[in-house]
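Observations on the three-dimensional arrangement
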Amino acid sequence: MTRNEAPATTNYYALSKPSPGQRPASIGSAIRRLAPLMADEKRRVATAFGAMLLSSVAGLLGPAIIGYTVDNYVQRGNFPGVLKWAAILLAVYLAGLVATYVQTQTMGGIGREVLFKLRNAIFTKLQQLPLDFFNQNKAGDLISRINNDTDKLNVFFSQALMQFASNLFMMAGAAIFILTLNVRLGLAALTPAMGVFILTQLLSAWVKRKNAKSLQSLGGMSAEIQESLSNFRVIVAFNRLDYFRKKFDAANEQTYAASVEAGLANNVFMPIYGLSFNLAQLIVLSYGMYLIGAGQLTVGLLIGFLLYVNSFYIPLRQLAAVWTSFQMALAALDRISAVLALESNLPLIPSPAPARPGAAVLAFEHVSFSYPGGQEVLRDSTFTLERGRTYAFVGPTGGGKTTTASLMARLYDPTGGRVLLAGRDIRSCPPEERARKIGFILQEPFLFTGTIRDNVLYGNEQFRQLDDEHIVALLAERNLGGLLARFEQGLDTKVAAVGDGISLGQKQLIAFMRAVLRDPELLILDEATANIDTVTEQLLEHILEKLPSTTTKVIIAHRLNTIANADEIFFVNAGDITPAGSMEHALDMLLHGKRAS
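Just so it is clear, the model here is predicted, and its values are computed rather than measured. (Residues numbered from 1 in each chain as written. Predicted model: local features only at pLDDT ≥ 70, side-chain atom pairs only at ≥ 80, totals over all residues. Heavy atoms only, no water.)

Bringing the overall build of the protein chain into the picture now. Counting secondary structure elements, the protein chain contains 18 helices and twelve strands. The buried share of the protein chain, taken over its 597 residues, is 48%. In the protein chain, once contacts between residues fewer than 6 apart in sequence are set aside, the share between residues at least 24 apart is 78%. When the accessible surface of the protein chain is summed, it comes to about 29,600 Å², and 61% of that surface belongs to carbon and sulfur atoms. (Helix = DSSP H or I, 4+ residues; strand = E, 2+ residues; numbered from the N terminus. Buried < 20%, exposed > 50% of the residue type's maximum accessible area, 1.4 Å probe, protein only. Contact = heavy atoms within 4.5 Å. Areas by Shrake-Rupley, 256 points an atom, 1.4 Å probe, with all protein chains shown as cover.)

Together, V57, L61 and F169 line one region of the surface with nonpolar side chains, adding up to about 210 Å² of accessible area. Mapped onto the secondary structure, F169 falls in helix α5 (residues 139–181). Residue class for F169 comes out partly exposed when judged on its relative accessible area of 33%. (Patch = residues over 30% accessible without salt bridge, like charges linked within 9 Å, V, L, I, M, F, W, Y side chains within 5 Å. Salt bridge = Lys/Arg side-chain N within 4 Å of Asp/Glu carboxyl O.)

This model, assessed by the stated rule, comprises 17 aromatic pairs. Seen in terms of ring centroids, Y68 and Y73 are 6.0 Å apart; in terms of plane orientation they differ by 65°. Their pairing is edge-to-face. Consider the rings of Y371 and Y412, whose centres lie 5.5 Å apart with planes at 85°: the pair is edge-to-face. Placement of Y371 in the loop between β1 (362–370) and β2 (376–385) and of Y412 in the loop between α11 (401–408) and β4 (416–421) is noted, with a sequence separation of 41 residues between them. One aromatic cluster is present, formed by F364, F383, Y391, F393 and F570 through successive ring pairs. (Phe/Tyr/Trp six-rings, centres within 6.5 Å; stacked < 30°, edge-to-face > 60°.)

What follows concerns unusual backbone geometry. The phi torsion at H366 lies on the positive side, around 50°, for a residue other than glycine. With respect to the element layout, H366 can be found in strand β1. Positive phi outside glycine occurs at D380, with the angle close to 45°. Note that D380 resides in strand β2.

Below, the discussion takes up α11. Counting buried positions over the eight residues of α11 gives seven, a clear majority of the element. Where α11 terminates, the next one or two residues include R410, which has phi positive at roughly 55°.

Moving on to the nonpolar core. Soluble globular proteins tend to bury their nonpolar side chains together. The biggest cluster of nonpolar side chains holds 60 residues, and the ones touching the most others in it are L126, F133, V309, F312, Y313 and L316. Looking at this core, the elements with two or more residues in it are α2 (42–74), α3 (79–128), α5, α6 (183–230), α9 (269–293) and α10 (299–340). With 17 residues, α10 is the single largest residue contributor to this core. In this view, L126 contacts F133, F134, L142, I146 and V339; residues no more than four positions away in its chain are not counted. Ranked by size, the runner-up nonpolar core spans 40 residues in total, among them V394, L483, V516 and L544. (Core = buried A, V, L, I, M, F, W, Y, C linked by side-chain atoms within 4.5 Å.)

On to the side chain of D425, then. By the element assignment, D425 lies in strand β5 (residues 424–425). Taking the relative accessible area as the measure of exposure, D425 reaches 6% and is therefore buried. In terms of polar contacts, D425 uses its side chain to reach the side chain of R427, at 2.9 Å. (Polar contact = N/O pair within 3.5 Å; in protein donor to acceptor, adjacent residues only side chain to side chain.)

What follows deals with the pairing of β2. Bridge count between β1 and β2: six bridges; the pairing is antiparallel. From the neighbouring strand, L362 faces β2, where its bridge partner is L385. Between the end of β1 and the start of β2, which pair antiparallel, lie five residues, with G373 showing a positive phi angle near 70°. (Pairing = 2+ DSSP bridges.)

What follows concerns the sheet that holds β1. Taken together, the four strands give an open sheet; going across it, the order is β2-β1-β4-β5, and neighbouring strands pair in antiparallel fashion. Whereas interior strands pair on both sides, the edge strands pair on one side only; in this sheet they are β2 and β5. Strand direction decides the pairing type here: β4 and β5, joined by two bridges, are antiparallel. Paired with L421 across the two strands is R424, which belongs to β5. Packing against the sheet, α11 makes contact with β1, β2 and β4, and its axis sits at approximately 125° to β1. (Axes fitted to C-alpha atoms, helices over the stretch in contact; angles between N-to-C directions.)

Pairing within the open sheet is mixed, and its six strands lie in the order β6-β9-β10-β3-β11-β12. Pairing within the sheet leaves two strands with one partner each, and these edge strands are β6 (438–441) and β12 (576–579). The mean angle between the axes of side-by-side strands here comes to 20°, regardless of whether they run parallel or antiparallel. Here strand β11 (residues 568–573) runs beside β12; their pairing, made up of four bridges, is antiparallel. In the sheet register, V572 faces β12, and the bridge partner there is I577. α11 contacts β3 (390–394), β6, β9 (522–526), β10 (552–556), β11 and β12 of the sheet and is inclined by roughly 140° relative to β3. Its contacts with the sheet put helix α16 (residues 504–517) on β6 and β9, and the angle it makes with β6 is roughly 175°.

What follows is about the pattern of salt bridges. Under the criterion given, the structure shown has 17 salt bridges. Close ionic contact of K125 with E343 constitutes a salt bridge, the shortest N to O distance being 3.8 Å. Within this pair, whereas K125 is found in helix α3, its partner E343 is found in the loop between α10 and β1, the two being separated by 218 residues in sequence. In this structure, R478 and E477 form a salt bridge, with 3.6 Å as the shortest nitrogen-oxygen distance. Salt bridges sharing common partners tie together D141, R145, D149 and R335.

Here S337 shows up in helix α10. A C-alpha to C-alpha distance of 9.0 Å links S337 and I122, two positions 215 residues apart in sequence.

Mean pLDDT over the protein chain: 80, with 86% of residues reaching 70 or higher. Per-element mean pLDDT across the protein chain ranges from 58 in helix α7 (residues 232–237) up to 94 in β1. In this model, residues 1–9 is a region of pLDDT below 50 whose contacts with residues beyond four sequence positions or in other chains number 20 contacts. (pLDDT = per-residue confidence, 0-100.)

Now for the packing of α2 against α5. In the contact formed by α2 and α5, the axes pass within 9 Å of each other and the chain directions differ by 35°. Classified by chirality, the crossing of α5 by α2 is right-handed. Contacts from V45, A48, F49, M52, L53, S56, V57, G59 and L60 of α2 reach α5 at M162, A165, S166, F169, M170, G173, A174 and F177. Tallied by class, the residues present in the contact of α2 with α5 amount to 13 nonpolar, four polar and no charged. (Left-handed = near helix turned anticlockwise from the far one by under 90°. Nonpolar A, V, L, I, M, F, W, Y, C, P; charged D, E, K, R; others polar.)

Laid out in structure tokens, this is it:
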């Protein structure tokens, strides 16, 4: 990928749209993709496979023992012999029962292990993807992939996989016994199975599409629920319960229709397999009675033959349910693989030269940027931010101020030009170094569930081991003690992402402490004082003034009093970033909407 090429200008991250060239998962590709998740489970897989073979062999020996007993002991009235072989048959069935239990328990453990690893893999991948990915996908759909889709794979691994293999082994063994006992009768008995096999091949792709559509609609409904719950206060405030109710009803109707279609597709095999079983029994009974009358077959062989037909077609009927589970697992695997196959469009590139000590803290060189499918937000913008100075970026709503700040923090990469951090291409700076050098305070801060202590120390490993006394002293040293004093329980104050009783302004104070405590070289405040009162705003301004003289501050605000002390002001509008000169000139440009050019 070249420097000016930007995957952000495409819908590369839109999971709702199929990726170009993406092929449906086959049995072989599914096993190859899931094999790494089972790399540590080879011994348990071998144990389960051995137990499955033992269980299948026990099932195949039963009809042979019964047929042999009928011909050699029952017809001759040798009841001690019957009891002897009955005891042998019981021992065989008990061995099969134990083997089935071992297989079920082992595969259940493997399924849970795969589920654990797969969810970890997805969550780890989500943490590696850029902001662009989350802008193009709804949180509810991602939650559905992590929970529902992985659970479909868990069900397949823990329940269906070995049953699938066992049924195939049982059917192969039964077919061999059937053909060995009587070739002509065996071929006649297996004829309905050939028709079922052809029909299954024709319908499998259709069944998988219906299951994929059902999972997709379920993800869409999860997204609608997540959006409604996240914005419930706004919904109630504007009395728009009817609007979100209609959206949910539409999503629910779509999910219901898709689930009905998937249910019909999943159940189509069962009656077909049942019909083939009945036809096979009818053929065997009719043709078998004819062969007995012709002296070419014994009663014991016919009973054994019927039992082997059952051993072939009952697993075939079970395959209907197992095959449905497999198709659902493949559809889920496609959705999971779509996430795991993504790569960040913010790669770390080799650094051609180390950072220069005297270089500007940050610079834009002919930077352009546009969002996916949108117009150009910035074009050919060049400016420099020197160390220790305060810069303000003003402009009308939608002019590109927040986008500019996002490019500074490398939440996005420019579609043209480059951004330099300390004279070095920002794309060559590791995320840890970039986060250490750049502090970012948003208008709507995000806090993690825990305490104020957890939040202010988040991502700040150098202070992680300090006790409360030293943390309080450190906050006071950074002039943050007054902010902490506003919370009665101090560092132990409980904080939650939602519903904790802490106001938005208080959350902003915690976010402010978290950013300043990191001692960044560049501190970006994007409408950071929009949700706090005037007194608190003055306190924050005092703290900003006390920052180290080398700290560069970037202030994005609509309230002009917030930027009154800025050393330099930039006007951002219609894709251009232009030095605004004095405060009066900036005010004139803002009020008249003058285009910077």
